Amino acid sequence: MKITDEMLYGAAEDAAARWLSTLPDRAHCGHEFSPAFERAMEALLRRRKRRWRLGTALLAAAVAMLLVSGVYAGREDTYRVYAVQEDGYASYLLRPGESETPAEPHRLEPGWVPEGWELDRISEGEEYFRTVFFLPVPEEPSFTLTQYYGKDDSSVLQGAFTIRECKVGGEHALLLAAENTGLRILLWCSGPYGFQLSSSALEEGDLLRIAENLKW
């Protein structure tokens, strides 16, 4: 199912009805911001264009939330990873498939890591596992593998990113690469699991090799 401009416009209107209408009236809004926050916002307040871009990002986030909440849940089953870059922000949606026979989730771990990298920590929540590796040098670069189960994941990232389609284990995947910071985010789904592999220290080839060699 192709997402058209008309569908996005409708989603934006629905987002406004769902969330913007819940905000308090301007007369009831009042908050004294800290001096540190005021200083941080001065550059944005001087630049109207940046304010417009922030509004665009918030709208994109609202649309992403609608996608997650099921507005387009009827789209083709293969449409599970989506990302877009616009106006200085990148947004993505990661939606694993639904399992007809739910089973106890199992954490996958890298079967290959670059030489010298060591396990830092493993954590988990109700709907995810997270594994972090680091390189024991003064800068301590790291990479993070997050495995989602039973949930979607979406985010809006500030900055200019290139988005490239690729394959992981034969599955459709997307690689987001920040143009200035070196951050790379690899996104893909496999059955009921969604995966996010991110690092500012590893090259594309290393990320793909890690993703291709996950094991139980």
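See the structure shown above.
Draft legend 1. Expanded view of the overall build of the protein. Within the protein, the regular secondary structure consists of four helices and twelve strands. When burial is assessed residue by residue, the protein has 33% of its 216 residues classed as buried. Partitioning the contacts of the protein with sequence separation of at least 6, the portion at a separation of at least 24 is 54%. For the protein, the exposed surface amounts to about 13,400 Å²; the carbon and sulfur share of it is 51%.

Draft legend 2. Summary view of the sheet that holds strand β4 (residues 118–124). One open sheet accounts for seven strands, arranged β4-β5-β6-β11-β10-β9-β8; its pairing is antiparallel. Strand pairing shows two members of the sheet lacking a second neighbour, β4 and β8 (161–168), which therefore form its edges. Taking each pair of neighbouring strands and ignoring which way they run, the sheet shows an average axis angle of 15°. Where strand β10 (residues 184–190) meets strand β11 (residues 193–199), seven bridges bridge the pair, whose relative direction is antiparallel.

Draft legend 3. Layout of the packing of aromatic side chains. The final tally for this structure, using the stated rule, is six aromatic pairs. A centroid spacing of 5.1 Å and a plane angle of 40° characterise the contact between phenylalanine 129 and tyrosine 149, whose relative ring orientation is tilted. Linking phenylalanine 129 in strand β5 (residues 128–134) with tyrosine 149 in strand β6 (residues 142–149), this pair joins segments that are 20 residues apart in sequence. The class of tyrosine 149 is buried, set by a relative accessible area of 13%. For the ring pair phenylalanine 133 and phenylalanine 143, a centre distance of 5.1 Å and an interplane angle of 5° mean the geometry is stacked. Residue phenylalanine 133 is located in strand β5, and its partner phenylalanine 143 is located in strand β6; the two are separated by ten residues in the primary sequence. Its relative accessible area of 11% is what places phenylalanine 133 among the buried residues. Here the aromatic cluster, defined as three or more aromatic residues joined through ring pairs, consists of Trp188, Tyr193, Phe195 and Trp216.

Draft legend 4. Representation of unusual backbone geometry. Unlike most non-glycine residues, aspartate 87 shows phi in positive territory, near 55°. Positive phi, close to 50°, is recorded for glutamate 140, a residue that is not glycine. For glutamate 140, the position within the fold is in the loop between β5 and β6. Since its relative accessible area comes to 53%, glutamate 140 is described here as exposed.

Draft legend 5. Broad picture of the sheet that holds strand β1 (residues 81–86). Reading across the sheet, the three strands line up as β1-β2-β7 and stay open at both edges, with antiparallel pairing between neighbours. Edge strands, defined here as strands with exactly one partner in the open sheet, are β1 and β7 (153–158). Neighbour to neighbour, the strand axes of the sheet diverge by 10° on average, direction disregarded. Relative to β7, strand β2 (residues 89–94) runs antiparallel, the two sharing six bridges. Bridging across to β7, serine 91 finds its partner in valine 156.

Draft legend 6. Expanded view of the nonpolar core. One finds Phe143, Val168, Leu186, Trp188, Phe195 and Leu197 to be the most contacted residues of the largest nonpolar core, which totals 22 residues. It is helix α4 (residues 204–212) that provides the largest number of residues to this core, a total of four residues. Ignoring sequence-local partners within four residues, the contact set of phenylalanine 195 consists of Leu94, Leu108, Leu145, Thr146, Gln147, Leu186, Leu187, Trp188, Ser190 and Leu214. Counting residues in hydrophobic clusters, the runner-up holds 14 residues, among them Ala83, Ala90, Tyr148 and Ala178.

Definitions and cut-offs
Residues numbered from 1 in each chain as written. Predicted model: local features only at pLDDT ≥ 70, side-chain atom pairs only at ≥ 80, totals over all residues. Heavy atoms only, no water. Helix = DSSP H or I, 4+ residues; strand = E, 2+ residues; numbered from the N terminus. Buried < 20%, exposed > 50% of the residue type's maximum accessible area, 1.4 Å probe, protein only. Contact = heavy atoms within 4.5 Å. Areas by Shrake-Rupley, 256 points an atom, 1.4 Å probe, with all protein chains shown as cover. Pairing = 2+ DSSP bridges. Axes fitted to C-alpha atoms, helices over the stretch in contact; angles between N-to-C directions. Phe/Tyr/Trp six-rings, centres within 6.5 Å; stacked < 30°, edge-to-face > 60°. Core = buried A, V, L, I, M, F, W, Y, C linked by side-chain atoms within 4.5 Å.

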